[in-house]
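# Topology and contacts: notes
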Amino acid sequence: MILILEADLGEEDPRFRQLMAHLQALAGIQSRVHREQGSQQLLTEIYLVGDTQRLAEADMQTLPGVERVVRISREYRMLGRHQNDQRATGFDYNGVHFGQDGLQVFAGLCAVDTPEHVEQMLRALRDNGQLCTRMGAYKPRTSPYAFQGHGKACLPWVFDLAGRYGIRVVAMEILHESHVDEIREALHATGHPTGVMLQIGTRNTQNFELLKAVGRQQEFPVLLKRGFGITLEESLNAAEYLASEGNTRVIFGLRGMKTNLGDPHRNFVDFAQVPVVKRLTRMPVCIDPSHSVGSRDATPDGIMDIFHVTAQGVVAGANMILVDFHPDPATALVDGPQALRLRELPWFLEDIRLARETYERRRQLAAEQLGQPSIPVGAGPV
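One structure accompanies this document, and this report is about it.

Thresholds applied
Residues numbered from 1 in each chain as written. Predicted model: local features only at pLDDT ≥ 70, side-chain atom pairs only at ≥ 80, totals over all residues. Heavy atoms only, no water. Helix = DSSP H or I, 4+ residues; strand = E, 2+ residues; numbered from the N terminus. Rg over C-alpha atoms; globule rule 2.2 N^0.38 Å. Buried < 20%, exposed > 50% of the residue type's maximum accessible area, 1.4 Å probe, protein only. Areas by Shrake-Rupley, 256 points an atom, 1.4 Å probe, with all protein chains shown as cover. Lys, Arg positive; Asp, Glu negative; His and termini not counted. Charge placed at Lys NZ, Arg CZ, Asp CG, Glu CD. Core = buried A, V, L, I, M, F, W, Y, C linked by side-chain atoms within 4.5 Å. Contact = heavy atoms within 4.5 Å. Phe/Tyr/Trp six-rings, centres within 6.5 Å; stacked < 30°, edge-to-face > 60°. Lys NZ or Arg CZ within 6 Å of the ring centre and 35° of its normal. Pairing = 2+ DSSP bridges. Axes fitted to C-alpha atoms, helices over the stretch in contact; angles between N-to-C directions. Parallel < 35°, antiparallel > 145°, perpendicular 65-115°, else oblique. Left-handed = near helix turned anticlockwise from the far one by under 90°. Nonpolar A, V, L, I, M, F, W, Y, C, P; charged D, E, K, R; others polar.

## Some thoughts on the overall build of the protein chain
Looking only at helices and strands, one finds 11 helices and 15 strands in the protein chain. In terms of overall size, the protein chain behaves like a compact globule, its C-alpha atoms giving a radius of gyration of 21 Å where 382 residues would be expected to give roughly 21 Å. Here the C-alpha coordinates of the protein chain stretch approximately 65 × 55 × 40 Å along the principal axes. Classification of the 382 residues of the protein chain by burial places 52% in the buried group. Accessible area of the protein chain: about 16,800 Å², with a carbon and sulfur share of 50%. Considering the protein chain, the positive charge centre built from 40 side chains and the negative charge centre built from 46 side chains are found 1 Å apart.

Right under this line is the structure:
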């Protein structure tokens, strides 16, 4: 059961103290408080864990400071959609909105290599009106002899350049909880010129201690990629690990499944599950066409497979795109063969715009058929 409190109800408010005293007296019930500071108001949710079936919704609704009660009906207690659940399906971070109603593009380097390449990438993003990027500093590799990333050494100049070119959010994979501290320290040392979205890659989707550690911090939102060899349910439960520790600002990433059934693509593209994740949970959904396809192969019409699968995900309602670009793919230290070139960025963004327009028209058509009110167009800088 979830208690959603009245807006701006602080810990010093007598109603909050009275409510918590009542909850603490309930036998067999534990309460967890989650707060989200929005742009205009403070939102507070209290998650009740334990034998909540005996708690009457009508009784809980009358408790001081409670605006409404949500009875949990699915396994994903904190991130799932539940009956009569009107909670938000997104969040704001560093001036950028992430939600199930919008679309953000994170184009950038799979692995940071040189300051020159990073600056060229960020300049291209700024010139094309983008606010977000991906920059890999810590790289998990199959071979112990492959490039593992520059690590914390590159963080100061990556963050400084991001701020210089107006990039608001940098998606960056972490492999250990100590990397969160390194990112935090580098941001502080450079004066917080940008924001960071922590990324948990497919190899760490079931690294439960890492998930719990990242969930305990609420400074940075998290992009969790689906595990490439486990079920969707298992991956969604991994996201729930993050939320259960306090961080509900989670985006779920589809990046393809590890199976030869997807050949000749690098992974079997799973973007058909974009609407499934949005139906089961309140998380925005990200697609990663670069790691799904793994090449620059194109069809006879000249359109690359990466463009095709991106459009498929966007038409299905994807809310974020994580895609590899590089100023000189031939010299990229990681995944150069799948990286798009900077001159292809305007083409890629326009192709996304066309796909998003189709999705919005499909949404409107569905609303008309169901006799629902007109649906507002989602926000995004594409």
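## A closer look at helix α10 (residues 305-315)
All buried positions along α10 are accounted for by D305, I306, F307, V309, T310, G313 and V314. A positive phi of about 110 degrees marks G317, the residue just after α10.

## Some words on the nonpolar core
By size, the foremost hydrophobic cluster in this structure holds 92 residues, and its most contacted members are F98, M135, M172 and I183. Sort the elements by how many residues they give to this core and helix α7 (residues 232-244) lands first, with six residues. Filtering out sequence-adjacent residues up to four positions away, M135 remains in contact with L109, V112, V118, M121, L122, V158, V170, A171 and M172. Counting 17 residues, the second largest nonpolar core, distinct from the first, contains L19, L26, L48 and L55.

## Here's the deal with the packing of aromatic side chains
Within the structure shown, the criterion is met by six aromatic pairs. Between F307 and W347 the ring centres are 4.4 Å apart and the planes differ by 45 degrees, which places this aromatic pair in the tilted class. Here W347 lies in helix α11 (residues 345-369) and F307 lies in helix α10, a separation of 40 residues in the sequence. Members of the aromatic cluster, each reached through a chain of ring pairs, are F307, F325, W347 and F348. K258 extends its terminal NZ or CZ atom over the ring of F228, reaching a point 5.4 Å from the ring centre.

## Quick notes on helix α6 (residues 208-216)
Along α6, the residues classified as buried are L210, L211, A213, V214 and G215. Lining the buried residues of α6 we find α5 (177-189), β10 (195-200), β11 (222-225) and α7.

## Focus: unusual backbone geometry
As a rule of thumb, non-glycine residues mostly have phi less than zero, and peptide bonds are mostly trans rather than cis. Here the amide bond leading from D263 into P264 is cis, since omega sits at 10 degrees, within 30 degrees of zero. Unlike most non-glycine residues, D8 shows phi in positive territory, near 65 degrees. Among the structural elements, D8 can be located in the loop between β1 (2-5) and α1 (14-24). Although it is not a glycine, D335 sits at a positive phi angle of roughly 55 degrees. Here D335 is to be found in the loop between β14 (320-326) and β15 (340-341).

## What about the environment of A316?
Within the secondary structure, A316 is located in the loop between α10 and β14. Spatially, the C-alpha atom of A316 lies 9.2 Å from that of A355, the residues being 39 residues apart in sequence.

## Some details on the pairing of strand β5 (residues 90-93)
The side chains of a regular strand alternate, residue by residue, between the two faces of the sheet. Burial along β5 is one-sided: F91 and Y93 are buried, while G90 and D92, pointing the other way, are not. Of the strand pairs in this sheet, β5 and strand β6 (residues 96-99) are connected by four bridges, and their pairing is antiparallel. By the bridge assignment for β6, D92 is matched with H97. The hairpin turn running from β5 into β6, its antiparallel successor, is two residues long, and N94 in that turn takes a positive phi close to 50 degrees.

## Observations regarding the packing of helix α3 (residues 115-127) against helix α4 (residues 155-164)
Contact pair α3 / α4: the axes reach a minimum separation of 10 Å and the direction vectors enclose 25 degrees. Looking at the two axes, α3 sits roughly parallel to α4. Viewed along their axes, α3 and α4 form a crossing whose handedness is right-handed. Together, P115, V118, E119 and L122 of α3 and W157, L161, A162 and R164 of α4 make up the contact between the two elements. Residues that form the contact of α3 with α4 fall into these classes: six nonpolar, no polar and two charged.

## A word on the packing of α10 against α11
Contact geometry of α10 with α11 gives a least axis separation of 8 Å together with a crossing angle of 30 degrees. Judged by the inter-axis angle, α10 sits roughly parallel to α11. The hand of the α10/α11 crossing is right-handed. Of the residues in α11, those touching α10 at I306, F307, T310, A311, V314 and V315 are W347, F348, D351, I352, A355, R356, T358, Y359 and R362. Across the contact of α10 with α11, the residue classes tally to 10 nonpolar, two polar and three charged.

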